[in-house]
Amino acid sequence: MERGLRRFEGKTAVITGGATGVGFATARRLAEEGARVVIGGRRADVGLQAEEALRAAGLEAAFVAADVADEVQVRLLMDEAVRRYGSLDVLVNNAATFSPGGFMETPWPEWRRVFDVIVSGAYFCTKEAARLMIAQGAKGRIVNVSSINSTRALEESSHYNAAKGALDQLTRNTALELIGRGIRVNGVALGFIDTPMSVVDGVKEHETDWFRDIYVARKKIPQQRTGKPEEAAGAIAFLASDDASYLCGAVVPVDGGLSITF
Ligand SMILES: NC(=O)c1ccc[n+]([C@@H]2O[C@H](COP(=O)([O-])OP(=O)(O)OC[C@H]3O[C@@H](n4cnc5c(N)ncnc54)[C@H](O)[C@@H]3O)[C@@H](O)[C@H]2O)c1
């Protein structure tokens, strides 16, 4: 990070799925810039480890167990953030789930699970966070973590891609409806970021021959590499900060240029 930036001093940020990957890097970045961060996630063991790692670095962080697909748990998560730290200023809708599968082979429960987490999760979290942000009369910022696949087709990803497409529409529609109430909503569309989600069937997709051939050697990704979680976090922190004061409903690609070569 750029040393010395303290854009979130005195602010409270909730990051869903914030114990791993992009979410954890975002929690760290916001906390390094002065935020008190609340990590919302399903898995207590991983969540408590993340909390401990941030606290060991002298940062203010708390893990709260919550499944974003459960409205009641989401309400408790947001209420706990305010109870603990006194306000809720930033929400990062980052939690997602995905297991690859062809459209014809994807059973209804799996299709619904992906939509429950990505779309309904963002719906519940945005609604509950906005309720508190509006009640406190302060400025709020919401950043939705999407994917470049929200506007593109890819084999074995119809459920995930359709859900991310819906998430982008939620970004635009909530941006429109909430801006007049002091809340700015934007999103990032991530490309290939090196995280636990990029391991498919035990194989890191970035280390496969097809990835090296198509994306690196043939420059499908102009920057010829994957992104680091910290690079995604930098863009998310920007959108959550006052530096992005004139961005409203934007979904910003963070993909090393991949979307310009499609
Ligand atoms: N890694 C990539 O290449 C990539 C590309 C495009 C978009 N993204 C997006 O970035 C975000 C972060 O993903 P990541 O790559 O860091 O992977 P990740 O698997 O490390 O992060 C996802 C997190 O969400 C949590 N989660 C899943 N279901 C949940 C639920 N019901 N309630 C609460 N938490 C839940 C997981 O436990 C995990 O901590 C996701 O929205 C993902 O779709 C990632």
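Residues numbered from 1 in each chain as written. Predicted model: local features only at pLDDT ≥ 70, side-chain atom pairs only at ≥ 80, totals over all residues. Heavy atoms only, no water.

Chemist: What is the right way to look at the overall build of the protein in this model?
Modeler: Along the protein, the regular secondary structure elements total 7 helices and 9 strands. Relative to a compact globule of 262 residues, whose C-alpha radius of gyration would be 18 Å, the protein shows 18 Å and is just as compact. Projecting the C-alpha coordinates of the protein onto the three principal axes gives extents of approximately 50 × 45 × 40 Å. In the protein, which comprises 262 residues, the share counted as buried stands at 51%. For the protein, the share of sequence-separated contacts (at least 6 apart) that also reach a separation of at least 24 residues comes to 74%. On the protein, roughly 12,300 Å² of surface is accessible, and the fraction owed to carbon and sulfur atoms is 53%. Mean positive and mean negative side-chain charge positions of the protein (31 and 33 charges, respectively) differ by 5 Å. (Helix = DSSP H or I, 4+ residues; strand = E, 2+ residues; numbered from the N terminus. Rg over C-alpha atoms; globule rule 2.2 N^0.38 Å. Buried < 20%, exposed > 50% of the residue type's maximum accessible area, 1.4 Å probe, protein only. Contact = heavy atoms within 4.5 Å. Areas by Shrake-Rupley, 256 points an atom, 1.4 Å probe, with all protein chains shown as cover. Lys, Arg positive; Asp, Glu negative; His and termini not counted. Charge placed at Lys NZ, Arg CZ, Asp CG, Glu CD.)

Chemist: Where do I start with the site of the ligand in this structure?
Modeler: Neighbouring residues of the ligand: 26 residues in total, closest Thr20, Asp67, Asn94, Tyr160 and Thr195. At a separation of 3.5 Å, an oxygen atom of the ligand approaches a polar backbone atom of Ala96. The separation between an oxygen atom of the ligand and a polar main-chain atom of Ile193 is 2.9 Å. Listed by contribution, the elements that provide at least two residues to the shell around the ligand are α1 (21–32), β5 (140–147) and α5 (158–178). Examining the composition of the shell around the ligand, we find that 3 residues originate from one element, β5, more than from any other. Within the shell around the ligand, the residues separate by chemical class into 13 nonpolar, 9 polar and 4 charged. (Near = heavy atom within 4 Å. Polar contact = N/O pair within 3.5 Å; in protein donor to acceptor, adjacent residues only side chain to side chain. Nonpolar A, V, L, I, M, F, W, Y, C, P; charged D, E, K, R; others polar.)

Chemist: So what exactly am I meant to see when it comes to the nonpolar core here?
Modeler: Generally speaking, soluble globular proteins have nonpolar side chains that are buried together. Core analysis: the largest hydrophobic core is formed by 33 residues, its most contacted members being Leu30, Val37, Leu54, Val188 and Leu190. Sorting elements by how many residues they give to this core places helix α7 (residues 229–240) first, with 6 residues. For Leu190, the contacting residues outside a window of four places in its chain are Val22, Val145, Ser146, Ser147, Ile148, Ala232 and Val254. (Core = buried A, V, L, I, M, F, W, Y, C linked by side-chain atoms within 4.5 Å.)

Chemist: Hey, could you run me through the UniProt feature "domain: Ketoreductase" (unreviewed entry) in the protein in this one?
Modeler: Under the local residue numbering, the UniProt record ascribes the feature "domain: Ketoreductase" (unreviewed entry) to residues 11–192. Between the end C-alpha atoms of residues 11–192 the distance is 30 Å, and the span holds 49% helix and 20% strand. (UniProt positions renumbered as here; feature names shortened; annotations may be inferred.)

Chemist: Just checking my understanding: could you explain the sheet that holds strand β4 (residues 90–93) for this structure?
Modeler: What holds strands together in a sheet is hydrogen bonding between their backbones, with the strands either parallel or antiparallel. Overall, parallel pairing links the 7 strands, which are arranged β3-β2-β1-β4-β5-β6-β9 in an open sheet. Because the sheet does not close on itself, it has two edges, and the strands there are β3 (61–65) and β9 (251–254). Along the sheet, successive strands turn relative to each other by an average axial angle of 20 degrees, direction set aside. Of the pairings in the sheet, the one linking strand β6 (residues 183–190) to β9 comprises 4 bridges and is parallel in character. The residue bridging Gly187 from the neighbouring strand is Val251, located in β9. (Pairing = 2+ DSSP bridges. Axes fitted to C-alpha atoms, helices over the stretch in contact; angles between N-to-C directions.)

Chemist: Would you mind showing me how to read the pairing of β4 here?
Modeler: A regular strand places its side chains so that they alternate between the two faces of the sheet. Burial along β4 is two-sided: the face carrying Val90 and Val92 and the face carrying Leu91 and Asn93 are both buried. As paired elements, strand β1 (residues 12–16) and β4 share 3 bridges and run parallel to each other. Each residue of the ladder has a partner; that of Ile15, found in β4, is Val92. Of the strand pairs in this sheet, β4 and β5 are connected by 4 bridges, and their pairing is parallel. Bridge assignment links Asn93 to a residue of β5, and that residue is Asn144. At this point the chain moves from β4, through helix α4 (residues 108–136), to the parallel β5, and the crossover so formed is right-handed. (Right-handed = clockwise from strand over helix to strand, strands pointing away.)

Chemist: Looking at this structure, I do not really get the packing of aromatic side chains. What am I missing?
Modeler: To describe a pair of aromatic rings, you give the distance between the ring centres and the angle between the ring planes. Tallying each qualifying case throughout the model produces 9 aromatic pairs. On the numbers, 5.3 Å between centres and 20 degrees between planes, the contact of Trp111 with Phe115 is stacked. You can see Trp111 and its partner Phe115 sitting in helix α4, 4 residues apart, about one turn around the helix. Here Phe211 and Tyr215 contribute two aromatic rings whose centre-to-centre distance is 5.1 Å and whose plane-to-plane angle is 25 degrees, an arrangement assigned as stacked. With a gap of 4 residues between them, Phe211 and Tyr215 both fall in helix α6 (residues 209–217), about one helical turn apart. Residue Tyr215 is classed as buried on the basis of its relative accessible area of 11%. Here a set of aromatic residues connected by ring pairs shows up, and it is made of Phe192, Trp210, Phe211 and Tyr215. (Phe/Tyr/Trp six-rings, centres within 6.5 Å; stacked < 30°, edge-to-face > 60°.)

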